[in-house]
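Each chain, letter by letter, is given below.
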Amino acid sequence: MATSGKMIAEGKAKRIYETDDPEFLMFYFKDDATAFNAQKKGSIESKGILNNRISRRFFELLRENGVDNHFVDCPSEREMLVRKVEIIPVETVVRNIITGSLQKRCGRPEGETLPRPIVEYFYKDDDLGDPMINDEHILIFSWATREELDEIHRQALAVNAVLEPFMRERGVLLVDFKLEFGRDSSGNVLLADEICPDTCRFWDIETRKKLDKDRFRQDMGGVEDAYQEIARRVAG
Ligand code: TMP
């Protein structure tokens, strides 16, 4: 089993370490939380443990359902061993229900269910504030090839087709979520990063109560309880 070595990156929610095997990296999930491109900073008790547990369950479920991904193992409650990929600098967002930045852009009521999922792309660049982009930008600036982008689009909808009914069975609406993809050592597009209440919107199906990072972004309180609730429903 690979063990952690030198830290190679520290993000807002996790640290990334080399391992003794160049094919693998180790994530360490922190409790730190940021919003609005780190203008708002805080911490959510036990978030790292809960996000690791939730991400693990989603990655395992996706693999069981034909969506391969970088997940290998969780050697401890805050650590995740993953296959190393070269991250494609595009954040892929899938939406089932209108809220967030889409609601601001389209002027329709929050909570309206879309007739089919929408896939959007954002350029992963903190200095620019992750601006929305389209296929043309991705191809012209060589962030991904046409083939890679088609694969990202296909896999993003496949993730939704697995996670949306899984959450529905657990009384939760999968409102929207953000994915990151990378290239593995063979150059194949592989789902990476994390999938958790930091990167998804979850609403209780009955009450529409928000059970995700929007509670932190919008100072709604009950943030820890929401993450605990999702961990309980997803990972038991
Ligand atoms: P948005 O409505 O703010 O564009 O967010 C869409 C989805 O992406 C939502 O599930 C939250 C997630 N997200 C991230 O994972 N990271 C981010 O930096 C932002 C802004 C959103």
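Please refer to the structure placed before this passage.
Now for a look at the structure at hand.

Thresholds, definitions, all that
Residues numbered from 1 in each chain as written. Predicted model: local features only at pLDDT ≥ 70, side-chain atom pairs only at ≥ 80, totals over all residues. Heavy atoms only, no water. Near = heavy atom within 4 Å. Polar contact = N/O pair within 3.5 Å; in protein donor to acceptor, adjacent residues only side chain to side chain. Areas by Shrake-Rupley, 256 points an atom, 1.4 Å probe, with all protein chains shown as cover. Helix = DSSP H or I, 4+ residues; strand = E, 2+ residues; numbered from the N terminus. Pairing = 2+ DSSP bridges. Buried < 20%, exposed > 50% of the residue type's maximum accessible area, 1.4 Å probe, protein only. Contact = heavy atoms within 4.5 Å. Axes fitted to C-alpha atoms, helices over the stretch in contact; angles between N-to-C directions. Salt bridge = Lys/Arg side-chain N within 4 Å of Asp/Glu carboxyl O.

## Points about the site of the ligand
Surveying the vicinity of the ligand reveals the residues Val 93, Arg 95, Gly 100, Ser 101, Asp 176, Phe 177, Lys 178, Asp 198, Thr 199, Cys 200, Arg 201 and Arg 217. In this structure, an oxygen atom belonging to the ligand sits 2.6 Å away from a side-chain N or O atom of Ser 101. A distance of 2.9 Å separates an oxygen atom of the ligand from a polar side-chain atom of Arg 201. Calculation on the ligand without its partners gives an accessible area of 450 Å², and the protein chains cover 75% of this total. For the shell around the ligand, the secondary structure elements donating two or more residues are β8 (86-97), α2 (100-106), β11 (172-183) and β13 (200-204).

## Section: the pairing of strand β4 (residues 32-35)
Taken together, the four bridges between β4 and strand β5 (residues 40-43) define a ladder with antiparallel strand orientation. The residue of β5 that forms the bridge with Asp 32 is Ser 43. Connecting the antiparallel pair β4 and β5 is a turn made up of four residues, with Phe 36 showing a positive phi of about 55°.

## As for the environment of Asp 204
With respect to the helices and strands, the residue Asp 204 is situated in strand β13. Relative accessible area serves as the criterion here: at 11%, Asp 204 is assigned to the buried category. Taking C-alpha positions, Asp 204 is 20 Å from Arg 116, a pair spaced 88 residues apart along the chain. In this view, Asp 204 contacts Gly 171, Lys 209, Leu 211 and Arg 233; residues no more than four positions away in its chain are not counted. Among the polar contacts listed, one links the side chain of Asp 204 to the backbone nitrogen of Glu 206, at a separation of 2.9 Å.

## Examining the sheet that holds strand β7 (residues 79-83)
Taken together, the five strands give an open sheet; going across it, the order is β1-β2-β3-β7-β6, and neighbouring strands pair in antiparallel fashion. Lying at the two open borders of the sheet, with one neighbouring strand each, are β1 (4-10) and β6 (71-76). Across the sheet, the axes of successive neighbouring strands diverge by a mean angle of 30°, strand direction being ignored. One ladder, built from three bridges, connects β6 with β7; its direction is antiparallel. Bridge pairing links Ser 76 to Glu 79 in β7. Contacting β3 (24-29), β6 and β7, helix α1 (residues 47-64) runs over the sheet at an angle of about 150° to β6.

## Looking at the pattern of salt bridges
Using the criterion set out here, one finds 34 salt bridges in the structure. Among the salt bridges present, the one from Glu 180 reaches Lys 124, with a minimum N-O distance of 3.3 Å. Note that Glu 180 is positioned in strand β11 and Lys 124 in the loop between β9 (113-123) and β10 (132-133), a separation of 56 residues in sequence. A relative accessible area of 36% means that Lys 124 is categorised as partly exposed. Asp 135 is the partner of Arg 146 in a salt bridge, and the nearest nitrogen-oxygen pair spans 2.9 Å. Here Arg 146 is found in helix α4 (residues 146-169), whereas its partner Asp 135 is found in helix α3 (residues 135-140), with 11 residues between them in sequence. Taking relative accessible area as the criterion, Arg 146 reaches 34% and is therefore assigned partly exposed. Using a relative accessible area of 26% as the deciding quantity, one classes Asp 135 as partly exposed. One connected set of salt bridges, linked through shared partners, spans Arg 95, Arg 105, Glu 120, Asp 176, Arg 201, Asp 214 and Arg 217.

Geometric descriptors of this kind do not, in isolation, establish any biological role.
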